[in-house]
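Working through the structure, step by step
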Amino acid sequence: AKLAARFGSTLAGWQLAFDTHGKGAISFVDFADKLRALGYLGDLKILWNDLGVGARSDQLLRLADLDREADEMLTEFRTKLCAKHGTMLKAWTGAFDPKKRGVIERNVFVKECLSCGFRGANSVSDDGGKVSAERLFRMLQDKSDGNDKERRFLTLREFDLRAYRAFKREDHDMITE
């Protein structure tokens, strides 16, 4: 809940504060370092165990441990886009931002999500996935600046950190990711 309050959503908080390299999981040491940097003063080991991570053999925290629904939506989103475009960067440059503006608007995001078959995990509405795509758009946005006003656009870094890093390196096929 505190991640969502600080970053706009648990998903944005995960990407901006915890999984800053886009690996999908972090160790207890990384978790402790990141929480301390955010100003958390509670017992880290108790929190780690409360999240259920301490009992698992891999001992790694994932987005699903914090927000299962966000994880399922993000996984479906990435899976559908990669199936259609090959990589997240190719999806961004070929479908979402072909004019190379550096940002995409919500209506473009929703249209492209629906065109690749994204429906949203556990979607119960009969809207073909539009509500889920709009919700994912909001969840991906970085609101750590404290401005809760809804923005109409999404950046490549918010869209996919690994695609952003590959773009910066001019690795358009994301070979090194």
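One structure accompanies this document, and this report is about it. (Residues numbered from 1 in each chain as written. Predicted model: local features only at pLDDT ≥ 70, side-chain atom pairs only at ≥ 80, totals over all residues. Heavy atoms only, no water.)

1. Structural notes on the nonpolar core
Of all hydrophobic cores here, the largest spans 44 residues; its most connected members are Phe77, Phe96, Phe109 and Phe159. With six residues, the top contributor of residues to this core is helix α7 (residues 88-96). Setting aside chain neighbours within four positions, we find phenylalanine 159 in contact with Phe77, Leu81, Met88, Trp92, Phe96, Ile104, Phe109, Leu140 and Leu154. (Core = buried A, V, L, I, M, F, W, Y, C linked by side-chain atoms within 4.5 Å. Buried < 20%, exposed > 50% of the residue type's maximum accessible area, 1.4 Å probe, protein only. Helix = DSSP H or I, 4+ residues; strand = E, 2+ residues; numbered from the N terminus. Contact = heavy atoms within 4.5 Å.)

2. Concerning the packing of helix α6 (residues 68-85) against helix α9 (residues 130-140)
Packed helices, taken two at a time, are described by the angle between their axes plus the distance between the axes. One can describe the packing of α6 onto α9 by two numbers: an axis separation of 11 Å at closest approach and a directional angle of 105 degrees. One way to sum up the angle between α6 and α9 is to call them roughly perpendicular. Within the contact between the two elements, α6 uses Glu69, Ala70, Met73, Leu74 and Phe77 and α9 uses Ser132, Arg135, Leu136, Met139 and Leu140. Split into classes, the residues belonging to the contact of α6 with α9 amount to seven nonpolar, one polar and two charged. (Axes fitted to C-alpha atoms, helices over the stretch in contact; angles between N-to-C directions. Parallel < 35°, antiparallel > 145°, perpendicular 65-115°, else oblique. Nonpolar A, V, L, I, M, F, W, Y, C, P; charged D, E, K, R; others polar.)

3. Structural notes on unusual backbone geometry
The phi dihedral of lysine 100 falls on the positive side, at around 55 degrees, and the residue is not glycine. For lysine 100, the location among the structural elements is in the loop between α7 and β1 (103-105). Residue classification places lysine 100 among the exposed residues on the basis of a relative accessible area of 66%. A positive phi angle, close to 60 degrees, is found at glutamate 170, a residue other than glycine. Structurally, glutamate 170 can be placed in the segment after α11 (161-168).

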